[in-house]
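Summary of structural features
Chain by chain, the residues run as shown.
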Amino acid sequence: MTRVYVPRDSAARSIGADEVAVAILSEAAVRGLDIELVRNGSRGMLWAEPLVEVVTDQGRVGYAGISADRVAELFDAGFLTGAEHSSRLGVVDEHAWLKDQQRVTFARMGITDPINLDDYEAHGGLRGLRRALELGPEATVEEVLASGLRGRGGAGFPAGIKWRTVMQAQAEQKYIACNADEGDSGTFADRMLMEGDPFTLIEGMTIAGVSTGATIGYIYSRSEYPDANNTMREALAVAYERGLLGSDVLGSGKAFDLRLRVGAGAYICGEETAMLDSLEGRRGMVRAKPPIPALEGLFGKPTLVNNVMTLGSVPAIIADGAAAYQSYGTERSRGTQVFQLAGNVDRGGIIETGFGVTLAELVHTYGGGTWSGRPVRAVQVGGPLGAYFPASGLDVSLDYESMIAAGGMVGHGGIVVFDETVDMSLQARFAMEFCSKESCGKCTPCRIGAVRGVETIDKIREGVDRDNNLVLLNDLCELMTDGSLCAMGGLTPMPVQSALRHFPEDFQR
């Protein structure tokens, strides 16, 4: 029986993957052919979706950009044996876009059936959890610390320090909270992992639970991710049924329960303390620190808060050892980062590679430049509050230290490309407007400063006392950076100031 793969990833579904899957089954039935259709996650080659793969003697051969009305011609061409066709990419694992990536967190993405635990285990799943149960809590936490893993949500705080703090805290109840409220523009890695390899997240959270003494975990997702949420629910049901979760994790005598909670999609709930407020059933508002969540978090109890990519990296770290993870990356930026390439780019998608790759390599080698064919003018890194880099500054190394030195941040790894038609004064205005709408309103610099920022940029664009208003805008940015309670207001000036620094002409029109 020939096995055919069609992604169930929401990006692929949005352009007809479901219809392609139905058409393949129908065409095979009409022709009397016996096939097995698997709805896998996406390989991350979003520029090639819907991507149909077929298992052949050569390997898994891919056919890109397939629509339902082209399925019959695929069968006519003999695609079930990997035959030539205008859409044929060849063996997908050997494709130039994919083969040089260093996939650790995304090692199984697009390869396995997302809700088949046996398939997950056959491709290396659960090795990390089993080893963690053998090592014990202290050794497991030290392995995370030794790996150099830093929070992939944006702040880059060493994950092992958080884990050790929660492990050492004395409390009757501890929690694990996974921040899956992926609200940054141009980011989609969390969604893709939850849709395409949910057991990796479940395993990572379970390792965190049994290692820190937490017996309850929450995945805090957003309502805009219905496919991811449905897939997580299916995977959680399987995990309980197979003893991966519950009162006796894999027969170890350790208990860990995991629940999915869906928020309304407020950007501020991506901040860890606002997320905890929302989990408690209250409006998401930023909390002052101290106390830190690791000591007084959810319901006042010690809580480990990591995001999807951080927790998703843990199974491989524990399974293969800290040294293996340390072999990727540079200096203090160890391991791999899942970069997400979006915007006006020819080949958007997921690139997982060690820290140290340059922005130019991602945009031009992987991305193929702009989709419009016009020259790249600006690239934003790190979400809507990340800095803009000009075309002349794309040789910057994408690691924590280099990005900070260049006036930017890695953030969640989102990269958005703009061509020469972009107006950077409007992009600066967007940052301020975004903050004014998404602020929780708790602190004055963020709540009021962003509104004044929009007004000031409008005056500059209209030519009203431009020089003095440019000075005022810089003063306002400095105040928001230094005076805001959290990163929402504190980082809003970053895209504004980078636009002013690199594209001053756009504020003089």
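See the structure shown above.
Calculation notes
Residues numbered from 1 in each chain as written. Predicted model: local features only at pLDDT ≥ 70, side-chain atom pairs only at ≥ 80, totals over all residues. Heavy atoms only, no water. Helix = DSSP H or I, 4+ residues; strand = E, 2+ residues; numbered from the N terminus. Rg over C-alpha atoms; globule rule 2.2 N^0.38 Å. Buried < 20%, exposed > 50% of the residue type's maximum accessible area, 1.4 Å probe, protein only. Phe/Tyr/Trp six-rings, centres within 6.5 Å; stacked < 30°, edge-to-face > 60°. Lys NZ or Arg CZ within 6 Å of the ring centre and 35° of its normal. 1 Å grid on protein atoms, 1.4 Å probe; cavity = no way out; pocket = protein on both sides within 12 Å on 5 of 7 lines; lining within 4 Å. Points joined across faces, edges and corners; volume = space filled by probe spheres on them. Nonpolar A, V, L, I, M, F, W, Y, C, P; charged D, E, K, R; others polar. Contact = heavy atoms within 4.5 Å. Polar contact = N/O pair within 3.5 Å; in protein donor to acceptor, adjacent residues only side chain to side chain. Axes fitted to C-alpha atoms, helices over the stretch in contact; angles between N-to-C directions. Left-handed = near helix turned anticlockwise from the far one by under 90°. Arc of directions from axis to C-beta.

Attention now goes to the overall build of the protein. Within the protein, the regular secondary structure consists of 22 helices and 16 strands. Its C-alpha radius of gyration of 23 Å places the protein within 12% of the 23 Å reference for a compact globule of 509 residues. Counting only C-alpha atoms and orienting by the principal axes, one finds that the protein spans roughly 75 × 60 × 40 Å. With 509 residues in all, the protein has 59% of them scored as buried.

How two aromatic rings sit relative to each other is set out by the distance from centre to centre and by the angle between their planes. For the structure shown, the criterion picks out 11 aromatic pairs. Taking the centre distance of 5.8 Å and the plane angle of 85° together, the rings of Tyr63 and Phe79 count as edge-to-face. One end of the pair, Tyr63, is in strand 4 (residues 59–63); the other, Phe79, is in the loop between helix 3 (71–77) and strand 5 (88–91), and 16 residues separate them in sequence. Taking relative accessible area as the criterion, Tyr63 reaches 0% and is therefore assigned buried. For Phe79, a relative accessible area of 1% translates into the label buried. The interplanar angle of 40° and the centroid separation of 5.1 Å between the aromatic rings of Phe355 and Tyr400 together place this pair among those described as tilted. Of this pair, Phe355 sits in the loop between strand 13 (349–354) and helix 15 (359–366) while Tyr400 sits in helix 16 (residues 400–405); the two residues are 45 residues apart in sequence, bridging distant segments of the chain. By relative accessible area, which is 3% here, Phe355 ends up buried. We classify Tyr400 as buried; its relative accessible area is 5%. Following the ring pairs from residue to residue traces out a cluster consisting of Trp47, Trp97 and Tyr366. The cationic tip of Arg60 hangs over the ring face of Tyr5; the distance from NZ or CZ to the ring centre is 3.6 Å. A cation over a ring is seen here: Arg150 above Tyr400, with NZ or CZ 4.1 Å from the ring centre.

All right, on to the layout of surface pockets then. A volume near 1300 Å³ is recorded for the largest pocket. Looking at the lining of the largest pocket, the elements with two or more residues in it are helix 8 (159–168), strand 9 (303–307), helix 16 and helix 21 (487–491). Here the lining of the largest pocket gets four residues from one element, more than from any other, and that element is strand 9. Its residues assigned to classes, the lining of the largest pocket comprises 22 nonpolar, 17 polar and 11 charged. Taken together, 22 residues line the second largest pocket, and the ones lying closest to its centre are Val104, Ala107, Arg127, Ala316 and Asp320. When residues of the lining of the second largest pocket are assigned to their parent elements, the largest contribution, six residues, is made by helix 13 (residues 308–320).

With glycine set apart, most residues show a phi of negative sign, and most peptide bonds adopt trans. Residue Pro290 is bonded to the preceding Lys289 through a cis peptide linkage, with omega at -5°. Along the chain, Pro290 turns up in the loop between helix 12 (272–279) and strand 9. Phi at Glu331 is positive, roughly 40°, even though this residue is not glycine. Inspection of the secondary structure assignment puts Glu331 in the loop between strand 10 (329–330) and strand 11 (333–334).

Among the secondary structure elements, Gly186 is positioned in the loop between strand 6 (175–179) and helix 9 (189–196). Spatially, the C-alpha atoms of Gly186 and Ile317 are 27 Å apart, while their sequence positions differ by 131 residues. Filtering out sequence-adjacent residues up to four positions away, Gly186 remains in contact with Gln340, Ala342, Gly414, Ile415 and Val416.

It is worth spelling out the side chain of Asn307 at this point. Looking at the element boundaries, Asn307 is found in strand 9. Of the residues examined, Asn307 reaches a relative accessible area of 8% and is grouped as buried. For Asn307, the side chain forms a polar contact with the side chain of Thr310, separated by 2.7 Å. Among all residues touching Asn307, those that are not within four sequence positions of it are Arg152, Gly153, Cys178, Asn179, Asp190 and His412.

Two numbers describe how helix 20 (residues 466–483) lies on helix 22 (residues 493–502): the axes approach to 10 Å, and their chain directions differ by 145°. Note that helix 20 runs across helix 22; the crossing there is left-handed. On helix 22, the residues touching Leu470, Leu473, Asn474, Cys477, Met480 and Thr481 of helix 20 are Pro493, Val496, Gln497 and Leu500. Its residues assigned to classes, the contact of helix 20 with helix 22 shows seven nonpolar, three polar and no charged.

What follows concerns helix 7 (residues 137–147). Of all the residues in helix 7, the buried ones are Thr140, Val141, Glu143, Val144 and Ser147. Seen end-on, helix 7 carries its buried residues on one side only, within an arc spanning 150°. Close packing links the buried residues of helix 7 with helix 6 (127–135), helix 8, helix 10 (198–212), helix 13, helix 14 (322–326) and strand 11. Once helix 7 ends, the next one or two residues include Gly148, with phi positive near 80°.

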